[in-house]
Amino acid sequence: MLIAVVAGAPACSSGGGGAAGTTTAPGTPVAGGPVALQQQYERVVSAVLPSVVQISTAQGLGSGVVYDRRGDIVTNAHVVGSATNVQVRLASGSKALPAAVVGVFAPDDLAVIRVQNAAASLRPAVFGKSSAVRVGEIVLAMGNPLGLTGTVTDGIVSATGRTVSEGAGGSAVLISAIQTSAAINPGNSGGALVNLSGQVIGIPTLAASDPQMGGAAVGIGFAIPSDTVTSIAGQLIATGKVASSGRAALGVTAETVANASGQPAGVGVVNVTAGGGAAKAGIQAGDVILSVDGQQTDSVTALQSVIAAHKPGDQVKVRLSRNGSQSTVTVTLGTLTS
């Protein structure tokens, strides 16, 4: 598990998004040499950048992507946070517009906000299929890093299918994330990762942290894949909630517990979801989860990472401590919902 830090900014940020119901596969590589490649870069930036907006809350700045002409904008959950007052500034530089929070799904770090009465000014982005993304594919990251609106960086898709934790208190463990060498800086969160066909294939969210250097690891950033974005955003727009995430759930509310030395030593169960997998297996509030399928779970983040590697319906062995005695139970995982 690689721990990364969110690319949101307490003082600056960036955007991303896509058009509802519009998904096309990435196009073929650009031919014609460096001049043709440069021209394609320019065309893609010209086409997509107007769909990237700046989002402001009392906590800071972030980015979003225009999703449809009804005013829906997709962004990261950590950009919106708990804000009730959200302002959106379009790429045209017009005055900030008020936006309402439509829905938030923290496990995938996604949120949708809506700008009212701005349909004529909105240009929805086009989403590609992240399932068709190839390692080595050239991509552009668009957003507002460090408050610099309309910033574009480039790189390649370095890997796909990564599982990463936001770390530093982050609540999300992202699955199937796209790793890119395009620079992702504070404020790029919620922006657009775009292929050379002008399609959004991901939402930049994280920059890997280097524990030895004490800062971001250069050239290692992560984006939520567009297939996840369109699925979650569609549900949030329709109902404000997520009923089908495709992610596994243990069925508990938990917190990290510490040993006598103050070090994380397990996951304490605070509540058990009635009818969920944990409840059916006999797990109770007050139990401490020590491992899942032999993988130590000394913190909530560790537990989330192990569960994220599974699918709903999978069976896992959970080792528990209860009143000083240890036991192992088998849990059939459910589906993570809002």
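Note that the coordinates shown come from a computational prediction; the quantities given were computed from them, not determined experimentally.

Moving on, we come to the nonpolar core. As a rule of thumb, nonpolar side chains are buried together in soluble globular proteins. Val74, Met142, Val194, Val200, Ile203 and Val229 are the most contacted members of the largest nonpolar core, which totals 33 residues. Contributing elements (two or more residues each) for this core: helix H1 (33-48), strand S8 (110-115), strand S10 (138-143), strand S12 (173-180), strand S13 (192-195), strand S14 (200-210), strand S15 (215-225) and helix H3 (226-239). Of all hydrophobic cores here, the second largest spans 18 residues; its members include Leu250, Ile307, Val316 and Val318.

The subject of this paragraph is H3. An ideal rise of 1.5 Å per residue puts 20 Å on 14 residues; H3 measures up with 20 Å between its terminal C-alpha atoms. Among the residues of H3, Ser226, Val229, Thr230, Ile232, Ala233, Gln235, Leu236 and Ile237 are the ones counted as buried. At the exit of H3 stands Gly240, carrying a positive phi of roughly 80°.

Before going further, it helps to spend a moment on the sheet that holds S8. Whenever strands of a sheet pair, they do so through backbone hydrogen bonds, lying parallel or antiparallel. Taken in spatial order, the six strands of this closed barrel run S3-S4-S5-S8-S7-S6, and their pairing is antiparallel. In this sheet, neighbouring strand axes are inclined to one another by 40° on average, regardless of whether the strands run parallel or antiparallel. Here four bridges tie strand S5 (residues 72-75) to S8, and the two strands are oriented antiparallel to one another. Following the sheet pairing, Thr75 is matched in S8 by Ala111.

Moving on, we come to the confidence of the model for the protein chain. Chain-level pLDDT for the protein chain is 89 on average; 88% of the residues reach the 70-or-more range. Predicted confidence for residues 10-27 stays below pLDDT 50, and this span has 100 contacts to residues more than four positions away or in other chains.

In this section: the side chain of Thr57. With respect to the secondary-structure elements, Thr57 resides in strand S3 (residues 52-57). For Thr57, the side chain forms a polar contact with the main-chain nitrogen of Gln59, separated by 3.1 Å. Apart from residues no more than four positions distant in its own chain, Thr57 is found in contact with Val79, Val80, Ala83, Asn85 and Val86.

Another aspect to go through is the environment of Ala217. Tracing the backbone through its elements, the reader meets Ala217 in strand S15. Through-space distance from the C-alpha of Ala217 to that of Ile184 is 10.0 Å; in sequence the pair is 33 residues apart. Residues within four places of Ala217 in sequence aside, it is in contact with Ala208, Ser209 and Asp210.

Attention now goes to helix H5 (residues 300-308). Residues Ala302, Leu303, Ser305, Val306, Ile307 and Ala308 constitute the buried set of H5. On its buried side, H5 packs onto S12, strand S16 (248-249), strand S18 (264-272), strand S19 (288-292) and strand S20 (295-296).

What follows concerns the pairing of S10. Residues in a regular strand point their side chains to alternate faces of the sheet. Of all the six residues making up S10, five are buried; the element is thus mostly covered by neighbouring parts of the structure. Summarising the sheet, S10 and strand S11 (residues 151-165) pair through six bridges and their orientation is antiparallel. Paired with Val139 across the two strands is Gly155, which belongs to S11. Relative to S13, S10 runs antiparallel, the two sharing four bridges. Considered in S13, the bridge of Val139 is made with Asn195.

Reading the values: the criteria
- Residues numbered from 1 in each chain as written.
- Predicted model: local features only at pLDDT ≥ 70, side-chain atom pairs only at ≥ 80, totals over all residues.
- Heavy atoms only, no water.
- Core = buried A, V, L, I, M, F, W, Y, C linked by side-chain atoms within 4.5 Å.
- Buried < 20%, exposed > 50% of the residue type's maximum accessible area, 1.4 Å probe, protein only.
- Helix = DSSP H or I, 4+ residues; strand = E, 2+ residues; numbered from the N terminus.
- Expected span 1.5 Å × (residues − 1).
- Pairing = 2+ DSSP bridges.
- Axes fitted to C-alpha atoms, helices over the stretch in contact; angles between N-to-C directions.
- pLDDT = per-residue confidence, 0-100.
- Contact = heavy atoms within 4.5 Å.
- Polar contact = N/O pair within 3.5 Å; in protein donor to acceptor, adjacent residues only side chain to side chain.

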